[in-house]
Structures are given as C-alpha cells and as structure tokens.
Amino acid sequence: MKNFSLLLLVLTTSVVLAVADIPRPRGVPLFKASLYAPRSDNSWVCLDGTKTIRYTQLNDDYCDCADGSDEPGTSACVNGQFNCENIGYRAEDLRSSLVNDGVCDCCDGSDEWADGAVHCENTCLELGRIEEEKKRSLADLHERGSAKRAEFIARGKQMRAERETRRKVLEQRRSEQEAVKAEKEELKRNAEAAEAEALELFREQQREKDAAAAEEARSQDDSQTTRYEAEAAFVKYDANKDGFVEITELMVDMTLDRDRNGIVTVEEAKYFLDERDRIDLDSFYVLSWPRIKPIKMLAEGIFKPPMQEGEEPEQNEPSNKEEVPDQETEEESENEGAYGEEDLYEDEEGEGEADVGVGTVADETHTEPDYDPETKRLIDLANEARNAFSEAEQRVREIDHEIRDIDDHESKDYGPSEAFFALDGECFDYEDREYVYTLCPFERATQKSRHGGPETTLGRYEQWISDGDKKYEKQKYAQGAACWNGPQRSTITEFKCGLENRITSVTEPSRCEYNYIFETPAACDGAATHDTRQRDEL
C-alpha cells in the first residue's frame, strides 16, 4: 500500500507540474485553457461572443459577460462555473456562488482561495485511494462474476439448443399423432354409425315388445273387467241366492227378449243357459255371459252390431260415441293424464337429483336398458373408439401446449449470449418486516404478508427498458393487481453484478410502483475489469 501511495504521489506531482505549465485563469478547466488566451491587443471576447473586454477584467470579481464566462474563479456571476482540478481524484464543476463561501467544496480546497478564507486540507489523494479501492473491488467482483456468467451463458446456449431439438422432436411427434388422431376419428365414426344402427334396431324391437306387452296388459285388464261384470250379473240374476242362475230368474230380464215379443220364453232363457235348467258362476262366466253381454250392451247403446252391406246409418240417430260416452275410456284418459303429470313431476325431480352422486335413488331409477349381446358389443366398441379418439386428441393438445411453451421462451430476450436464460423458471424471495417479496425473472413479481393471506401480483414481465450499453440493466413488470382506488401495480427490477442470484432490496418509491434490486452473475461484465486493468497499466 505504501508503494502504491508513493507511486500515486509521484504521478500526481508530475501531473501538477504538467498542468501548471499551461497558463489559464483560476477556475478554468484544462480543456478550456485555449478559450481563455488573450488576443494580441490584450483583449478577450466573452464565450457567447456578445462582448469584448480587457483581458485584465477576467476574475476581477465583477460580472461583465452575460454568460458569466469572465468570472470562472469568483462568485461574481450567478450563472458562472468554477472547476475544481482535484488532482488525484475527480475534476468537478461547481456553481460559482460556492466560491469563497466558507465551505470546502473541492477536495483540493481550490474553491476557498481568498485571503482570510477558511483553510481547506487537500483530501484528493485519500479520496482517490478510496475510490480506486472500490473500483478494484468492483473489478474483482466483475471478474469472478464473469466466470460464473460464462457458466450461465454456456448453460443458456445448451438449454436453447435442447429446446430447439425438443421442438423438432415435438413437431415430428405431432405430425404422427395427428395421423393417429385422424385414424381414431375414422374408427370412431364407423363404430358410432354401427352403434346408432344397432340402437335404432333395438329401440324398434323394444317398441314392438312394449306394444305387445301393453296389448297383453289391456287384454288381461279386459278379461278381469269381464269377470267382474259376469260376477255382478250373476249375483243380480241369482235372486234366491242359492248359487245358481235358473230359467225363471232369467225370464224376468226383458233385455233378453230376443224376438222382441214382450216376453222372455223358456227357450230364450235356456239359450242363455246353454240349454240347461240352471248354471253355476264358473259356467255362467264361460257359457252365459258371452251371450248375455252383447245383448246388454246393445240395449244400453254401448254396442251396435255391424251394418249390412249397403245399409246406411240413420240420419237422426246420433253416434254411439256421442250418445253414450265411453266411461271406461274417459276414466283411462283421466288416469293417464294424471299419471303423466305426476310422472313428469317425478322425472323433473329425478333430473334434479341426478347430481346427488353415485348410489342415489335417482341413479337406480335410470338403469341401462337390457341390450341384447350384439347391441351391447357394438356399444362397447363405440365407447372404446370414443375413448381412443379422446386420448389421441389429448396427446395432440399436450404436444401443442409444450410447443407453445418453447415458443414463449424462444420469443424472450435473454440478453447478450443468452446470459439471463438460466434465470427463467427460477423464483427468489426477499423478506422485510412485513412482507415476503418474490421475483420470478421473465415471469412475475409478487408480494405476500408474512402473517399469511393471499399473494398479490406486483406485475408480469413486459420487457427490458434500458437503452444502449445499459439495455440489460432494468426490466419492467406491469399489469399487476390494482391498488385500492389507484393504478395497477408495477415493478422495475434492476440487475446488478453479484456472485449469487438474490434480491438485495425492495422499495416502493411511489404508490403502487415497486423497485427490486437483484444481484446475479448474469449482470457481471468483464469490461469493468478490463478498464481497471488498463488504468493500472497506465
């Protein structure tokens, strides 16, 4: 360190001597020395060219030029500038109003030059040494970080190459899978056509079975009704309640007067008793009632014998249907109507209960029809074809999703040589006293209370926002969650060189606008090391 300070002192002394050889007024920087050279007549022109004054008027503590250029070393002009040479540190321009104000603004103390002014120590060498150490430390950081950055670049290039290869594989697989999908779709179409045909045939057969069953049920109902009617008629005719219907018991029923002569003869009564003297209930049902019932229906107008050929109905005689309503038919209609409404209500309830779950009453009432083996086989084949097509469709969607994901990554700018590529897909946390902040580079920034609760989006990745050589220093994350009665949240992420990937600070400089500082080897640039080494060589 002593050798470095001695070398710096020798270098500084040489510079001071070199600078001192170039005459110029106080407060004028070296690069402007030629602008302050006197003319042959010992005059001088203001730098704005508006006025010519005597050379001796420079720094006379009186402002002669409108631009203040004649008083670079005094505080006479409010718009003047004083240059601190600060040899050994950095040159600096001050407002001329700070000259001789009793405060040491220049590290070399040159701004307090008047007699009786405050004494200023020259701290430029110390400041230069401190700054040089910072630069060396930063250069060392960049040098070590650049080595890691090279690893990031290699990894990024490898990942990009792998993704490009993967995309080609996916494109080929997609083409193959589309062919499989088309084949499965054709098989599904054929299977569904066979299924539909089989189901239609099954339904037609089922309709025929249902019609036959209904006809049989109606026949049974008619037979049962006839039995009831026969029993009722038997009880009515059996006047002496001996369990038999006799000739004399039938002769009192004038509807059995077949020849319409006003009396029921023995012969007529015996006709209805199958030529017997008396008959029991079972025989009455089988032998007598089929002969008596049509006569009773004809008398009541319920039944009319078929017309003979050429015979026309009487004009004034109303139709049987209009004259005597079919009470049995009306009752059946009413019952069917009532049953239909109730059935509809139950169906609606059943539909409402269909969502209850497996094993409910609603499920049990909607059982699968009892298909014949061939129909069941075709249904199973169609279901298999549908499932196979759905699986093929799903595989195509999965491939498309992965291709879109690769394309999304390919469309992002990962900086020079893909240095920031390795950060995509990673997330990093930072905690302060109240919140946990998360940054997922190239995706989103979020905030969450340390005490729990939902995560708040502070912005989604939009773009790099710097320009030129510093283009890859800042990113913008926009379209975050809206603030209460305020704008949508947004975040600026500033990348700095560091040996590890980490968030070092999070601030909210303006309402709903956040600022992340993120250190990463990807931001380390070997140029800083190169510049420092060049200065060391000088």
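Residues numbered from 1 in each chain as written. Predicted model: local features only at pLDDT ≥ 70, side-chain atom pairs only at ≥ 80, totals over all residues. Heavy atoms only, no water.

- The name recorded for the protein in an unreviewed UniProt entry is Glucosidase 2 subunit beta, from Ceratitis capitata.

**Observations regarding the side chain of T491**
Then comes step 1: On the secondary structure map, T491 appears in strand β12 (residues 490–497).
Then comes step 2: When near neighbours in sequence (up to four residues on either side) are disregarded, T491 contacts A445, L458, Q475, K476, Y477, Y514 and Y516. (Helix = DSSP H or I, 4+ residues; strand = E, 2+ residues; numbered from the N terminus. Contact = heavy atoms within 4.5 Å.)

**Re the environment of L273**
Then comes step 1: Looking at the secondary structure, you find L273 in the loop between α4 (266–272) and β6 (278–279).
Then comes step 2: For L273, a relative accessible area of 0% puts it in the buried group.
Then comes step 3: Linking L273 and F284, residues 11 residues apart in sequence, is a C-alpha distance of 7.4 Å.
Then comes step 4: Excluding residues within four positions of it along the chain, L273 makes contact with V245, E246, I247, L250, R278, I279 and S288. (Buried < 20%, exposed > 50% of the residue type's maximum accessible area, 1.4 Å probe, protein only.)

**Topic: the packing of aromatic side chains**
Remark: the centre distance and the inter-plane angle together describe each pair of aromatic rings, the angle taken between the planes.
Then comes step 1: Following the criterion strictly, the structure yields 19 aromatic pairs and no others.
Then comes step 2: Measuring from centroid to centroid gives 6.3 Å for F284 and W289, while their planes differ by 35°, and the two rings are tilted. The same class applies to F284 and to W289, which are both buried.
Then comes step 3: Of the aromatic side chains, those joined through ring pairs into one cluster are Y414, F420, F421, F428, F442, Y461, W464, Y472, Y477, F495 and F518.
Then comes step 4: A cation over an aromatic ring shows up here: R291 above the ring of Y271, its NZ or CZ 4.9 Å from the ring centre. (Phe/Tyr/Trp six-rings, centres within 6.5 Å; stacked < 30°, edge-to-face > 60°. Lys NZ or Arg CZ within 6 Å of the ring centre and 35° of its normal.)

**Section: the sheet that holds strand β9 (residues 444–449)**
Then comes step 1: Reading across from one edge, β7-β8-β9-β10-β11-β12-β14-β13 is the order of the eight strands in this open sheet, with mixed pairing throughout. The open sheet has two free edges, formed respectively by β7 (428–431) and β13 (502–510), since each of these has just one partner strand. Averaged over all adjacent pairs, the angle separating strand axes in this sheet is 25°, with direction ignored. (Pairing = 2+ DSSP bridges. Axes fitted to C-alpha atoms, helices over the stretch in contact; angles between N-to-C directions.)

**Details of helix α5 (residues 281–300)**
Then comes step 1: The end-to-end C-alpha separation of α5 is 24 Å, well short of the 28 Å expected for 20 residues at 1.5 Å each.
Then comes step 2: Looking at α5, one finds that the buried residues are S283, F284, S288, W289, I292 and K296.
Then comes step 3: Directly beyond the C-terminal end of α5, a positive phi value near 80° is found at G301. (Expected span 1.5 Å × (residues − 1).)

**So, the side chain of Q177**
Then comes step 1: Summarising the element assignment, Q177 is placed in helix α2 (residues 124–237).
Then comes step 2: Setting aside residues no more than four positions away along its own chain, Q177 makes contact with A392, R395, V396 and I399.

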